[in-house]
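# Observations on the three-dimensional arrangement
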Amino acid sequence: MSIEEYRLKNKRIRDPMSILIDGKKTAQDIKNEIAARVAEIKQAGGKQPHLAAILVGEDGASQTYVGAKVKACEEVGFTSTLVRLAAEVSEEELLQTVEDINQNLDIDGLIVQLPLPAHISVDKVTNRIRPEKDVDGFTPANVGRLTLNWPAYVSATPYGIVELLKRYQIETSGKHCVVIGRSHIVGSPMSILMARNGYPGNATVTLTHSKTKDLATICRMADVLIVAIGKPEFVTADMVKPGAVVIDVGIHRIVDETKKTGFRLIGDVKYDEVAPIASAITPVPGGVGPMTIAALLYNTLQSAEKKVFG
Ligand code: GUN
């Protein structure tokens, strides 16, 4: 579906000049591209890319996310291995499981689904993953490589955002980019990517966080506003410069009796009032969210083809 068609279909977009950044469609395009590449590899007698996921405990959201990742592997022709461990597993046993996968020559990518139970050190576990298989881009080696603008596995959400900006040909050079939220997974790598010498990049970046003073004034200066604060509908129209590009990373379930499911999803941005003044915006759902799994698959393909570490 073209942007025009999507815009016409989606009645929430009131300003005809505002572009709807369609993450659902873009993610599907990327998955199709990956599936085509896997078919080529297989035809040439090569090995299917293989992603392993470790899931500790019974957390409902984590089970859903990991299930979606395994399903996406099937869709593009990857092999997947899901290792399920009890919530009471010892840190030592989890570290040994990571080590076994590190040594397994058939496995190209490994993710340990977060959060982990409180008795396990996330830092210790992350640091045990071989950087060459760290398709989440969480290890110190990959974060360092990203910072140096070396080839690196970029974590899924920032990678997905970069890919959306690229595919929608959004200019970033010389623009002021404001990032709300400094998490290791989203805000911090996003600020590095937007400031680096490349495209997307070359932006003047302001990274804001919980101690930032007068956030609304800073947000109003943004040409590109990336919101990863984790608060429902936090960004309102008065915080957005007319014509800004707005990227919403948030996803929240709220009760809605009018829906069959009894809930609906909203983002960190008050979409209905911001969309009409933005030049381009990601919706929730269907914006950044679907891109994250596509990014993970892409990193796994890169690993199978030895494109990052050589
Ligand atoms: N938990 C929430 N998001 C993520 C992610 O991107 N990777 C992993 N491993 N765990 C998560």
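Okay, so let's go over this structure. (Residues numbered from 1 in each chain as written. Predicted model: local features only at pLDDT ≥ 70, side-chain atom pairs only at ≥ 80, totals over all residues. Heavy atoms only, no water.)

### Some words on the packing of helix α7 (residues 156–167) against helix α11 (residues 288–304)
- Close contact between α7 and α11 brings their axes to 8 Å; oriented N to C, the two are set at 105 degrees. Between α7 and α11, the angle falls in the class roughly perpendicular. Along its contact with α7, which presents Ala156, Thr157, Tyr159, Gly160, Ile161, Glu163 and Leu164, the element α11 presents Val288, Met291, Thr292, Ala295 and Tyr298.
- Taken together, the residues of the contact of α7 with α11 break down into eight nonpolar, three polar and one charged. (Axes fitted to C-alpha atoms, helices over the stretch in contact; angles between N-to-C directions. Helix = DSSP H or I, 4+ residues; strand = E, 2+ residues; numbered from the N terminus. Parallel < 35°, antiparallel > 145°, perpendicular 65-115°, else oblique. Contact = heavy atoms within 4.5 Å. Nonpolar A, V, L, I, M, F, W, Y, C, P; charged D, E, K, R; others polar.)

### Some points on the packing of helix α3 (residues 60–76) against α11
- In contact at an axis separation of 10 Å, α3 and α11 are set at 60 degrees when each is read in the N-to-C sense. Judged on the interaxial angle alone, α11 and α3 are oblique. The hand of the α3/α11 crossing is right-handed. Taking contact as the criterion, the partners of Ala68, Lys69, Ala72, Cys73 and Val76 in α3 are, on α11, Ile293, Leu296 and Leu297.
- Among the residues making up the contact of α3 with α11, the classes are represented as seven nonpolar, no polar and one charged. (Left-handed = near helix turned anticlockwise from the far one by under 90°.)

### Re the environment of threonine 212
- For threonine 212, the position within the fold is in the loop between β6 (204–208) and α9 (215–219).
- Judged by relative accessible area, threonine 212 falls into the partly exposed class, the value being 21%.
- Between the C-alpha atom of threonine 212 and that of serine 173, which follows or precedes it by 39 residues, the distance is 25 Å.
- One polar contact links the side chain of threonine 212 to the main-chain amide nitrogen of histidine 209, over a distance of 2.8 Å. (Buried < 20%, exposed > 50% of the residue type's maximum accessible area, 1.4 Å probe, protein only. Polar contact = N/O pair within 3.5 Å; in protein donor to acceptor, adjacent residues only side chain to side chain.)

### Observations regarding the pairing of strand β3 (residues 79–85)
- Bridge count between strand β2 (residues 50–56) and β3: seven bridges; the pairing is parallel. Looking across to β3, one finds that valine 56 is bridged to leucine 85.
- The handedness of the β2 to β3 crossover, carried by α3, is right-handed. (Pairing = 2+ DSSP bridges. Right-handed = clockwise from strand over helix to strand, strands pointing away.)

### Side note on the site of the ligand
- Close to the ligand lie Lys69, Val112, Gln113, Leu114, Asp136 and Phe138, which account for all nearby residues.
- Separating a nitrogen atom of the ligand from a backbone N or O atom of valine 112 is a distance of 2.9 Å.
- Contacts to the ligand include glutamine 113, whose side-chain N or O atom sits 3.2 Å from a nitrogen atom.
- Relative to its unbound accessible surface of 280 Å², the ligand loses 76% to contact with the protein. (Near = heavy atom within 4 Å. Areas by Shrake-Rupley, 256 points an atom, 1.4 Å probe, with all protein chains shown as cover.)

### A short note on a negative patch on the surface
- On the surface, a cluster of negative charge is contributed by Glu233, Asp238, Asp272 and Glu273.
- Relative to the helices and strands, glutamate 233 resides in the loop between β7 (224–227) and β8 (245–248).
- Residue classification places glutamate 233 among the partly exposed positions, given a relative accessible area of 31%. (Patch = residues over 30% accessible without salt bridge, like charges linked within 9 Å, V, L, I, M, F, W, Y side chains within 5 Å. Salt bridge = Lys/Arg side-chain N within 4 Å of Asp/Glu carboxyl O. Lys, Arg positive; Asp, Glu negative; His and termini not counted. Charge placed at Lys NZ, Arg CZ, Asp CG, Glu CD.)

### Quick notes on helix α2 (residues 23–43)
- Taking 1.5 Å of rise per residue, 21 residues should cover 30 Å, and α2 covers 30 Å from first to last C-alpha, within 8% of that figure.
- When α2 is considered as a whole, its buried residues turn out to be Gly23, Thr26, Ala27, Ile30, Lys31, Ile34, Val38 and Ile41. Projected down its long axis, α2 shows its buried positions confined to an angular sector of 135 degrees, all on one face.
- Backbone nitrogen of lysine 24 and a side-chain oxygen of the N-cap are separated by 3.2 Å at the start of α2; the cap is aspartate 22.
- Phi for glycine 45, located one or two positions after α2, is positive at around 85 degrees. (Expected span 1.5 Å × (residues − 1). Arc of directions from axis to C-beta.)

Honestly, that's just the spatial picture; any functional story needs more than this.
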